[in-house]
Amino acid sequence: MHIISSLLTGVALTALAVPAAAQSLPDAAPVSPAVDAVPDDTGAGSDIVVLGFGQSRQVQSVSAVDLARLTPGSSPLKAIEKLPGVNFQASDPFGAYEWAVRISLRGFNQNQLGFTLDGVPLGDMSYGNVNGLHISRAIISENVARTEVAQGAGALGTASTSNLGGTIQFFSDKPRDMLTVTGGGTYGSDNTYRGYARLDSGDLGGGLKGSLSYGYLTTDKWKGDGVQRQHQANGKIVKDLGTLGSLSAFLNFSDRREQDYQDLSYDIIRRRGLRNDNIADNYPLALQIAKTYQNQAAVAGGAARPWANVGTTFPAGFGTVDDAYFDAGGVRQDYLGGVTLNANLTPELTMVTTGYYHDNKGQGSWITPYSLTPAGALNQDGSAITAKSPLSFRTTEYSIKRGGALSNLAYETGANTFEIGGWLETNTFTQARRFYGMTDSATPNRDVLEFQKNPYATQWHGKYATDTMQYHVEDSLKLMDDRLVINAGWKGAYVVNRATMLPDTTSPLAVGRISAKDWFQPQAGILFKLAPAAEIFADYTENMRAFVSSATTGPFAANQAGFNAVLGRLKPERSKTAEGGVRLHSGPFQASAVGYYVDFSNRLLAFANGVGILGNAPTLNNAGSVRTYGAEVSANYRVFRPLSLFASYSYTNAEYQDTVTDAAGKLQVSKGDTVVDTPKHMVKGEIVLEQSGFTGRVGADYMSKRYFTYLNDQSVPARVLVDASIGYRFDGEGVLHGVAIEGNVTNLTNKKYISTIGSNGFTASGDNQTLLAGAPRQFFVSLKKGF
């Protein structure tokens, strides 16, 4: 135990490696080659290599074993936050609360990255996603076999039109070969209950096997009043076709309902602290604050107070109407399914084809004091509200119906492999801003965790169509007995966006058509093996990001005059990335180092207008170009068989290259300023000790300050976070065989810090209600068992 305590003491300055037992790969990985497995000279068996050996790009992977060490229910994104260049933020211990989750790579934010699950596009995974869904809803985390991160350039065939700055690809686990029942339960802080169960059929004959799993999570918010709940179900079947290949299909369901945390500003934090939150347990207080605000507004405008029995002074402890709202929430229901044919057409020719469909219904809500409920508005049950109320229930409602297909054809002959592929998708997205009636009574009449009915007003209701066409061509050549690998190719994309307003709209937004097209986006790479234990690589890639069809972001978020003003002048964002590096592998030691340069042009910046609850459309500006350069280093060392260390460091220098002013001449962006939410320095590390059924893990994550204004006059400070876990698995005979017990602690040092920035967007300068507090220390205990 003295050795263990010494290791824990040094964790904040060291960093930890994560050896992982070899995992079965997914049935089909049409877009990205599998990560090479390298023999482990320590005798511990083969490890999944996380440092991307054999790739001509910076590509790193994290296996299911790494994810299993985290608290059950944690997002797969949380497992990759230790990789260099990855900036991951969340305000909950699981990394699954979507309003707060943010991930960026090398200064590119989430909506400039590409995400896929078994090749199926997930869109940009942003909150209120218009063309996909978040990974926390797409699949149960225990069913993720591998997560692959390309920090600079994704594979040419990646099904994404937003991957300017890299891709994150998730691969699901295959059904087991033997009949198996596995399950587990978790209990922890804030009344957290998490359950997971999975049934694998084993081989039913003729190579047919399947799996069915269910996951459930419920937890109270760590501050304020409210809950976050999720039901998930995943089903998958695989049919082995022998020498012809394989056929697989999956269907995943998710129902997620969560009450939101209050967005903060520095002003609110100074006056009310990081634990300030919505007041969902005190409806009369919310009514009083709203009435006070509306009385203030009336008096300031020279009118009589609309609420004569209430004054113009906020209750004690409240300084503004935005200090605490009554409640807010997000409700999402998704079905995602797909079928994949992996066919060996000839010994040299293979084809992987996937068809998929996604259906989503969603709603994000705020109980707003800025809009009154008129008398005569309807309740959820259709009955009338007899008197006006100072509050109303404001929603943003979503519906996605998208389907598509992607295919990759590969021909391998001798030292040469030629690939050609394509992706087609059609997406119909509807979005509405509606208001529902709230009562002026002792208790609220609506629940933010339910889909709402009977609106009294629809501000806008838009129908947005997006048609996507993408193709790629690539050739790979191996020379000098495979010591030299050269690959080159290109992709092309054409995306058409259309917007129309539906008849119930009262305040229409922009309608029309806009497109992004580039049929030649080249990519080239080279890999040279200096020796069996060393290789160097370099690559160059160009990418384009298509426009987004939405009422809340992109060109259609403006009014018609604003859209017409930019139509024909607005250009899609583009990036050119060059990187090069070296990898080493000698026995128990692996390391990689890479340097990169990115030229990012036509950058579109969305400037927030007012507090988020107002729902004002952002102002879209072309901020010119951004120059980014940096370096990433990572090392993995198995000190001896039970003990492994991993460490990574990344340096990112991302600066705006143009000065931008608005129409009135006011400065918005200054040349040389640092890109928002881009820490210059990140250091991550882990220590893992595994022996005789015992597992211990400690991880540390340092991040330097991050700006949340374009002019860099507001920032959040650097922080260090530490997580830990300890567990034991019974491998002896008897009833306890295969039982595992595990304890997890997140934010071990109970650090008080700001996690997410930009939750309500970014402004040019000054304080903004766009910050979210990170969760305090949380404890969880889990039991797992396989039969």
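Everything numeric here is computed off the predicted structure, so don't read it as measured data. (Residues numbered from 1 in each chain as written. Predicted model: local features only at pLDDT ≥ 70, side-chain atom pairs only at ≥ 80, totals over all residues. Heavy atoms only, no water.)

Concerning the overall build of the chain
And then number 1: A tally of regular secondary structure across the chain gives seven helices and 39 strands.
And then number 2: In terms of C-alpha radius of gyration, the chain reaches 26 Å, essentially the compact-globule figure of 28 Å for 787 residues.
And then number 3: Expressed as a percentage of the 787 residues in the chain, the buried residues total 58%.
And then number 4: Sequence separation of 24 or more characterises 69% of the internal contacts of the chain that already satisfy a separation of 6 or more.
And then number 5: For the chain, the accessible surface area stands at approximately 29000 Å², while carbon and sulfur atoms represent 59% of it. (Helix = DSSP H or I, 4+ residues; strand = E, 2+ residues; numbered from the N terminus. Rg over C-alpha atoms; globule rule 2.2 N^0.38 Å. Buried < 20%, exposed > 50% of the residue type's maximum accessible area, 1.4 Å probe, protein only. Contact = heavy atoms within 4.5 Å. Areas by Shrake-Rupley, 256 points an atom, 1.4 Å probe, with all protein chains shown as cover.)

Here we look at the packing of aromatic side chains
And then number 1: A full pass over the atoms with the stated rule returns 25 aromatic pairs.
And then number 2: Taking 6.2 Å as the distance between ring centres and 65° as the angle between the ring planes, the aromatic pair formed by Phe589 and Tyr637 counts as edge-to-face. Here Phe589 is found in strand β24 (residues 589-601), whereas its partner Tyr637 is found in strand β27 (residues 626-640), with 48 residues between them in sequence.
And then number 3: When its relative accessible area of 35% is taken as the criterion, Tyr637 is described as partly exposed.
And then number 4: Feature note: the residues Tyr398, Phe429, Tyr464, Phe556 and Phe563 constitute an aromatic cluster, connected by ring pairs.
And then number 5: One residue, Arg146, lies across the ring of Phe171, its end atom 4.2 Å from the ring centre.
And then number 6: Note that Lys361 overlies the ring of Phe451, its terminal NZ or CZ placed 4.3 Å from the centroid. (Phe/Tyr/Trp six-rings, centres within 6.5 Å; stacked < 30°, edge-to-face > 60°. Lys NZ or Arg CZ within 6 Å of the ring centre and 35° of its normal.)

Thoughts on helix α6 (residues 283-300)
And then number 1: For α6, built from 18 residues, the straight-helix expectation of 26 Å at 1.5 Å per residue is met to within 8% by its first-to-last C-alpha distance of 26 Å.
And then number 2: Those residues of α6 not exposed but buried are Tyr283, Leu285, Ala286, Leu287, Ile289, Ala290, Lys291, Thr292, Gln294, Asn295 and Ala298.
And then number 3: Just beyond α6, the residue with positive phi is Gly302, at close to 80°. (Expected span 1.5 Å × (residues − 1).)

Comments concerning the sheet that holds strand β8 (residues 144-150)
And then number 1: With respect to topology, five strands assemble into an open sheet ordered β3-β8-β9-β6-β7, the strand pairing being mixed. Every interior strand has two partners, whereas the edge strands, β3 (59-63) and β7 (120-121), have only one.
And then number 2: Note: β3 against β8, five bridges, orientation antiparallel. Bridged to Val62 within β8 is Thr147. (Pairing = 2+ DSSP bridges.)

Here we look at the side chain of Thr161
And then number 1: Looking at where Thr161 falls in the secondary structure, it is placed in the loop between β8 and β9 (167-172).
And then number 2: A relative accessible area of 16% means that Thr161 is categorised as buried.
And then number 3: With residues near it in sequence (within four places) discarded, Thr161 still touches Trp423, Thr468, Gln470, Val495, Met544, Arg545 and Ala546.

Observations regarding unusual backbone geometry
And then number 1: We note that Ser692 has phi near 50°; this positive angle belongs to a residue other than glycine.
And then number 2: Within the fold, Ser692 resides in the loop between β31 (681-691) and β32 (694-703).
And then number 3: Residue Ser692 is classed as exposed on the basis of its relative accessible area, which comes to 66%.
And then number 4: The phi dihedral of Asn712 is positive, around 65°, even though this residue is not glycine.
And then number 5: Among the structural elements, Asn712 can be located in the loop between β33 (706-707) and β34 (715-716).

Comments concerning the pattern of salt bridges
And then number 1: Tallied over the entire structure, the rule returns 37 salt bridges.
And then number 2: As a salt-bridge pair, Asp723 and Lys78 come within 3.5 Å of each other at their nearest N and O atoms. Within this pair, whereas Asp723 is found in strand β35 (residues 719-729), its partner Lys78 is found in helix α3 (residues 76-79), the two being separated by 645 residues in sequence.
And then number 3: Take Asp723: its relative accessible area is 14%, and that puts it in the buried class.
And then number 4: Where Lys221 meets Asp277, a salt bridge forms, and the shortest distance between an N and an O atom there is 2.7 Å. Here Lys221, found in the loop between β12 (208-220) and β13 (227-240), pairs with Asp277, found in the loop between α5 (266-272) and α6; they are 56 residues apart in sequence, far enough to count as distant.
And then number 5: We classify Asp277 as buried; its relative accessible area is 6%.
And then number 6: Members of the salt-bridge network, linked through shared partners, are Asp66, Arg69, Lys82, Glu686, Glu690 and Arg697. (Salt bridge = Lys/Arg side-chain N within 4 Å of Asp/Glu carboxyl O.)

A word on the confidence of the model for the chain
And then number 1: For the chain, mean pLDDT is 90; residues scoring 70 or higher make up 92% of the total.
And then number 2: Below pLDDT 50 for its whole length, residues 1-49 participates in 126 contacts with residues either more than four positions away or in separate chains. (pLDDT = per-residue confidence, 0-100.)

Thoughts on the nonpolar core
In globular proteins that are soluble, nonpolar side chains generally tend to be buried together.
And then number 1: Membership of the largest hydrophobic core comes to 73 residues, with the highest contact counts inside it found for Leu77, Ile103, Leu122, Ile168 and Leu771.
And then number 2: The residues contacting Ile168, other than those within four sequence positions of it, are Leu77, Ile80, Ile103, Leu105, Gly114, Phe115, Thr116, Thr147, Glu148 and Val149. (Core = buried A, V, L, I, M, F, W, Y, C linked by side-chain atoms within 4.5 Å.)

Overview of the pairing of strand β16 (residues 349-368)
And then number 1: Direction of pairing for strand β15 (residues 328-344) relative to β16: antiparallel, over a ladder of 17 bridges. Bridge pairing in β16 places Leu336 opposite His358.
And then number 2: Remark: four residues form the turn of the hairpin made by β15 and β16, two consecutive strands paired antiparallel.
And then number 3: Sheet topology places β16 next to strand β17 (residues 392-413); 20 bridges connect them, and they run antiparallel. Paired with Val352 across the strands is Asn408, a residue of β17.

Observations concerning the side chain of Asp518
And then number 1: Along the chain, the position of Asp518 falls in strand β21 (residues 512-531).
And then number 2: A relative accessible area of 15% means that Asp518 is categorised as buried.
And then number 3: Here Phe520 takes part through its backbone nitrogen, which lies 3.0 Å from a polar atom of the side chain of Asp518.
And then number 4: Discounting chain neighbours no more than four positions away, the residues touching Asp518 are Lys491, Gly492, Ala493, Met544 and Arg574. (Polar contact = N/O pair within 3.5 Å; in protein donor to acceptor, adjacent residues only side chain to side chain.)

Details of a nonpolar patch on the surface
And then number 1: A grouping of Leu530, Ile536, Val582, Leu584, Phe589, Tyr637, Val639 and Phe640 is seen on the molecular surface, where their side chains present a nonpolar patch of about 620 Å² in accessible area.
And then number 2: Sorting the residues of the nonpolar patch by element identifies β23 (573-586) and β27 as the ones contributing at least two each.
And then number 3: Tallying contributions element by element places β27 first for the nonpolar patch, with three residues.
And then number 4: Given a relative accessible area of 32%, Phe589 falls into the partly exposed group. (Patch = residues over 30% accessible without salt bridge, like charges linked within 9 Å, V, L, I, M, F, W, Y side chains within 5 Å.)

Looking at the environment of Asn109
And then number 1: With respect to the helices and strands, the residue Asn109 is situated in the loop between β5 (102-105) and β6 (114-117).
And then number 2: Sequence separation of Asn109 and Thr466 is 357 residues, and the distance between their C-alpha atoms is 22 Å.
And then number 3: Not counting residues within four places of it along the chain, the set of residues in contact with Asn109 comprises Ile103, Ser104 and Arg603.

Concerning the environment of Glu573
And then number 1: Among the secondary structure elements, Glu573 is positioned in strand β23.
And then number 2: Excluding residues that lie within four positions of it along the chain, Glu573 makes contacts with Gln112, Leu164, Asn543, Met544, Arg545, Phe600, Ser601, Asn602, Arg603 and Leu604.
And then number 3: For Glu573, the side chain forms a polar contact with the side chain of Gln112, separated by 3.5 Å.

Re the pairing of β21
And then number 1: Relative to β21, strand β20 (residues 484-501) runs antiparallel, the two sharing 15 bridges. Note that in β21 the partner of Val496 across the bridge is Ser515.
And then number 2: Alignment of β21 against strand β22 (residues 534-545), held across eight bridges, turns out to be antiparallel. Across the sheet, residue Leu527 finds its bridge partner in β22, namely Phe537.
And then number 3: Between β21 and the antiparallel strand that follows it, β22, lie two residues.

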